[in-house]
Amino acid sequence: MSTAANENTSGRREPIAGPETMEAPYPIYVAGEVVSGFGRGGKQLGIPTANLPSEVVEQALTDIPIGVYLGWALVEGDAEVRPMVMSLGWNPYFKNERRSGEVHIMHKYADDFYGKNMKVAILAYIRPEKDYASLDALIEDIHTDIRVAEASLARPNYAQVREASFFSS
């Protein structure tokens, strides 16, 4: 499994993450009820997140490195599987005391969906988790993650996962 950071030596980020054809252990499929998180995503960052239950994070996501991932997500009641980026880790800027799985679905929803079931297909590792000197630097990096995910998910081998039976079962 390739987990190298999506950066070159000058610190600039590559526009695509993951190999052309997915490699083990991807795709990774997880599901769970959306739970309340730390309340920072939408309010403080302007980038709302749907949080996976701690049981999913601790049981299903222990074999992959801490960091940022890309993939697809479906929220109960939504007819469309949507692109997502997910932070898996400790969020050092905020000094979390527990590991979390925070999914940013790249779509503007009218309402919160706490308590609804969410299915997530994790397809590739974007970059390692890191600390930031400022909130603005963190937000800028998340926006870069979103652009990398959009470009990466447009590739046929990644786009086809959107149609996986996992999302319709």
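Up top you'll find the structure we're talking about.
Here is a short report on the structure shown in this document. Here the structure is a predicted model, which is why all the values come from computation and not from measurement. (Residues numbered from 1 in each chain as written. Predicted model: local features only at pLDDT ≥ 70, side-chain atom pairs only at ≥ 80, totals over all residues. Heavy atoms only, no water.)

**Some remarks on the overall build of the chain**
Put simply, the rule is: Each helix corresponds to a stretch of at least 4 residues labelled H or I by DSSP, and each strand to a stretch of at least 2 residues labelled E; elements are numbered beginning at the N terminus. Throughout this description, buried means an accessible area under 20% of the type-specific maximum (1.4 Å probe, protein chains only), exposed means over 50%, and partly exposed covers the range between. Residues are treated as being in contact if the distance between any of their heavy atoms lies within 4.5 Å. The protein chains shown are the only cover counted for residues, whose accessible areas, like all others here, come from Shrake-Rupley with a 1.4 Å probe.
A tally of regular secondary structure across the chain gives 4 helices and 6 strands. When its helices and strands are written in sequence order, the chain yields β-α-β-α-β-β-β-β-α-α. Each of the 169 residues in the chain was classed as buried or not, and the buried ones make up 47%. A separation of at least 24 residues holds for 72% of the contacts in the chain among residues at least 6 apart in sequence. Working note: accessible area of the chain is about 8600 Å², and carbon and sulfur atoms make up 50% of it.

**A word on the environment of Asp 112**
Looking at the secondary structure, you find Asp 112 in the loop between β5 (100–105) and β6 (117–127). Counting along the chain gives 64 residues from Asp 112 to Pro 48, while the straight-line C-alpha distance between them is 9.4 Å.

**Observations concerning the pairing of β5**
Worth spelling out the cut-off: If DSSP finds at least two bridges between two strands, the strands pair.
Judged by how many residues are buried, β5 sits mostly within the fold: 6 of 6 residues are covered. Of the two faces of β5, both are covered, the one formed by Ser 100, Glu 102 and His 104 as well as the one formed by Gly 101, Val 103 and Ile 105. Judged from the 2 bridges that link them, strand β2 (residues 50–51) and β5 form a sheet pairing that is antiparallel. When the bridges of β5 are listed, Ala 50 appears paired with Val 103.

**Looking at the sheet that holds β2**
Spatial ordering of the open sheet is given by β1-β6-β3-β4-β5-β2, a layout of 6 strands whose pairing is antiparallel. Of all strands in the sheet, those with a lone pairing partner are β1 (28–33) and β2, marking the two edges. Bridge analysis of strand β4 (residues 82–89) against β5 gives 6 bridges, and the strand direction is antiparallel. Each bridged residue has a counterpart across the sheet, and for Leu 88 the counterpart in β5 is Gly 101.

**Some thoughts on the pattern of salt bridges**
Using the following cut-off: Here a salt bridge means any side-chain nitrogen of Lys or Arg lying within 4 Å of a carboxyl oxygen belonging to Asp or Glu.
Under the defined criterion, the tally for this structure stands at 8 salt bridges. A salt bridge links Arg 162 to Glu 80; the shortest N-O distance between them is 3.0 Å. Here Arg 162 is found in the segment after α4 (156–159), whereas its partner Glu 80 is found in the loop between β3 (67–75) and β4, with 82 residues between them in sequence. On the basis of relative accessible area, Arg 162 is assigned to the partly exposed category, the value being 26%. The class for Glu 80 is partly exposed, based on a relative accessible area of 36%.

**Comments concerning helix α3 (residues 135–153)**
Heads up, the condition is: A helix is expected to span 1.5 Å multiplied by its residue count minus one.
Helix length check: α3 (19 residues) gives 27 Å between terminal C-alpha atoms against 27 Å at 1.5 Å per residue, within 8%. Turning to α3, its buried residues number three or more, namely Leu 138, Ile 139, Asp 141, Ile 142, Thr 144, Asp 145, Ile 146, Val 148, Ala 149, Ser 152 and Leu 153.

**Here's the deal with the environment of Ser 87**
Within the fold, Ser 87 resides in strand β4. Residue class for Ser 87 comes out buried when judged on its relative accessible area of 19%. The contacts of Ser 87, once residues within four sequence positions are left out, are Gly 67, Ser 100, Gly 101 and Glu 102.

**Some remarks on the environment of Ser 36**
Mapped onto the secondary structure, Ser 36 falls in the loop between β1 and α1 (41–45). For Ser 36, the residues in contact, after removing those within four places along its chain, are Asn 51 and Tyr 114.

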